[in-house]
Amino acid sequence: MASVNCAGAIFYSMMKLAVESPHNSATVSRMLVQLLANECKFMQQRDMIGCELHKNAADIISKWQKLLKSFLHDIDEEIEVILKFEEMCLESAKEFATLFPQILHLLYDKEILQEDALLRWADEKEGADEADKVFLKRSEKFIQWLKEAEEEDDEE
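Residues numbered from 1 in each chain as written. Predicted model: local features only at pLDDT ≥ 70, side-chain atom pairs only at ≥ 80, totals over all residues. Heavy atoms only, no water.

### Considerations on the overall build of the protein
Here comes step 1: Each helix and strand in the protein was counted, giving 8 helices and 0 strands.
Here comes step 2: Counting from the amino terminus, helix and strand elements in the protein follow one another as α-α-α-α-α-α-α-α.
Here comes step 3: Counting only residues that meet the buried cut, the protein has 41% of its 156 residues in that class.
Here comes step 4: In the protein, the proportion of contacts linking residues at least 24 apart, taken out of those at least 6 apart, comes to 72%. (Helix = DSSP H or I, 4+ residues; strand = E, 2+ residues; numbered from the N terminus. Buried < 20%, exposed > 50% of the residue type's maximum accessible area, 1.4 Å probe, protein only. Contact = heavy atoms within 4.5 Å.)

### A word on the packing of helix 4 (residues 75-90) against helix 5 (residues 100-109)
Here comes step 1: Closest axis-to-axis distance for the helix 4/helix 5 pair is 12 Å, and the angle between their directions is 155°. Judged by the angle between their axes, helix 4 and helix 5 are roughly antiparallel. The crossing of helix 4 and helix 5 is right-handed. Contact residues: Ile 82, Phe 85, Glu 86 and Cys 89 in helix 4; Phe 100, Ile 103 and Leu 104 in helix 5.
Here comes step 2: In terms of residue class, the contact of helix 4 with helix 5 is built from 6 nonpolar, no polar and 1 charged. (Axes fitted to C-alpha atoms, helices over the stretch in contact; angles between N-to-C directions. Parallel < 35°, antiparallel > 145°, perpendicular 65-115°, else oblique. Left-handed = near helix turned anticlockwise from the far one by under 90°. Nonpolar A, V, L, I, M, F, W, Y, C, P; charged D, E, K, R; others polar.)

### Observations concerning the side chain of Asn 56
Here comes step 1: Within the element layout of this structure, Asn 56 appears in helix 3 (residues 42-70).
Here comes step 2: A polar side-chain atom of Asn 56 sits 3.5 Å from the main-chain carbonyl oxygen of Ala 18. (Polar contact = N/O pair within 3.5 Å; in protein donor to acceptor, adjacent residues only side chain to side chain.)

### Let's talk about helix 6 (residues 115-126)
Note that an α-helix has 3.6 residues per turn; residues three or four places apart therefore point the same way.
Here comes step 1: Counted at 1.5 Å a residue, the expected span for helix 6 with its 12 residues is 16 Å, and the 17 Å between its end C-alpha atoms agrees.
Here comes step 2: Buried within helix 6 we find Glu 115, Ala 117, Leu 118, Leu 119, Trp 121, Ala 122 and Lys 125. (Expected span 1.5 Å × (residues − 1).)

### A word on the confidence of the model for the protein
Here comes step 1: Residues at a pLDDT of 70 or more form 75% of the protein, whose mean pLDDT is 79.
Here comes step 2: Element-level mean pLDDT values for the protein span from 48 in helix 2 (residues 22-37) up to 95 in helix 6. (pLDDT = per-residue confidence, 0-100.)

### With respect to unusual backbone geometry
Here comes step 1: Backbone geometry places Glu 111, a non-glycine residue, at a positive phi of 60°.
Here comes step 2: Within the secondary structure, Glu 111 is located in the loop between helix 5 and helix 6.
Here comes step 3: Judged by its relative accessible area of 61%, Glu 111 falls in the exposed class.

### Here we look at a nonpolar patch on the surface
Here comes step 1: A cluster of nonpolar side chains, contributed by Leu 17, Trp 64 and Leu 67, occupies part of the molecular surface with about 260 Å² of accessible area.
Here comes step 2: As for its placement among the helices and strands, Leu 67 is situated in helix 3. (Patch = residues over 30% accessible without salt bridge, like charges linked within 9 Å, V, L, I, M, F, W, Y side chains within 5 Å. Areas by Shrake-Rupley, 256 points an atom, 1.4 Å probe, with all protein chains shown as cover. Salt bridge = Lys/Arg side-chain N within 4 Å of Asp/Glu carboxyl O.)

### What about the packing of aromatic side chains?
Here comes step 1: Inspection of every chain in the model, using the stated rule, returns 8 aromatic pairs.
Here comes step 2: Aromatic side chains Phe 11 and Phe 85 sit 5.4 Å apart centroid to centroid with 90° between the ring planes, which places their arrangement in the edge-to-face category. Within this pair, whereas Phe 11 is found in helix 1 (residues 3-20), its partner Phe 85 is found in helix 4, the two being separated by 74 residues in sequence.
Here comes step 3: A relative accessible area of 0% places Phe 11 in the buried class.
Here comes step 4: Ring plane angle 70° and centroid distance 6.0 Å describe the contact between Tyr 108 and Phe 142, whose orientation is recorded as edge-to-face. In this pair, Tyr 108 sits in helix 5 while Phe 142 sits in helix 8 (residues 140-155), placing the two residues 34 residues apart along the sequence.
Here comes step 5: Cluster of aromatic residues (ring-pair linked, three or more members): Phe 11, Phe 85, Phe 96, Phe 100, Trp 121 and Phe 135. (Phe/Tyr/Trp six-rings, centres within 6.5 Å; stacked < 30°, edge-to-face > 60°.)

The structure is reproduced here in structure tokens:
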């Protein structure tokens with residue numbers, strides 16, 4: 001199996017583990033029942049569910065980042081991880097769709113994904129069909145922040 005396929009498979013497994021964490025499911029179930037009982041608190045409860053999922057993902061990424069990073073030898077492999085995450089958000093782990101930019105930022109902060117990989121992914125997505133730009137649009141603020149940081153570095 002090629003290194004890029006290994007990295008994608010490891011990342012997929014990490015994110016599925018975050019979704020399927022046992023300490024997550026009972027809390028989420030209780031919150032969903034509360035949502036039905038009290039529609040006024042919908043946004044607040046939805047944000048709490050997202051926060052718990054983000055925390056689970058952050059914990060798992062922190063725990064397994066060295067293993068994942070050992071399979072990411074170049075920018076193309078990092079881009080493949082982003083593409084795998086997009087695929088997951090559309091198909092098997094839709095819970096992450098709303099957290100896509102935050103997870104990208106986390107992967108960047110943990111030095112799993114480099115700025116160049118993220119910017120190249122964004123550039124490649126610019127020419128794609130609108131349906132393929134869903135996660136690029138969700139990540140616009142983060143990508144813009146990266147571009148501005150890169151410009152500031154260039155000026156120095």
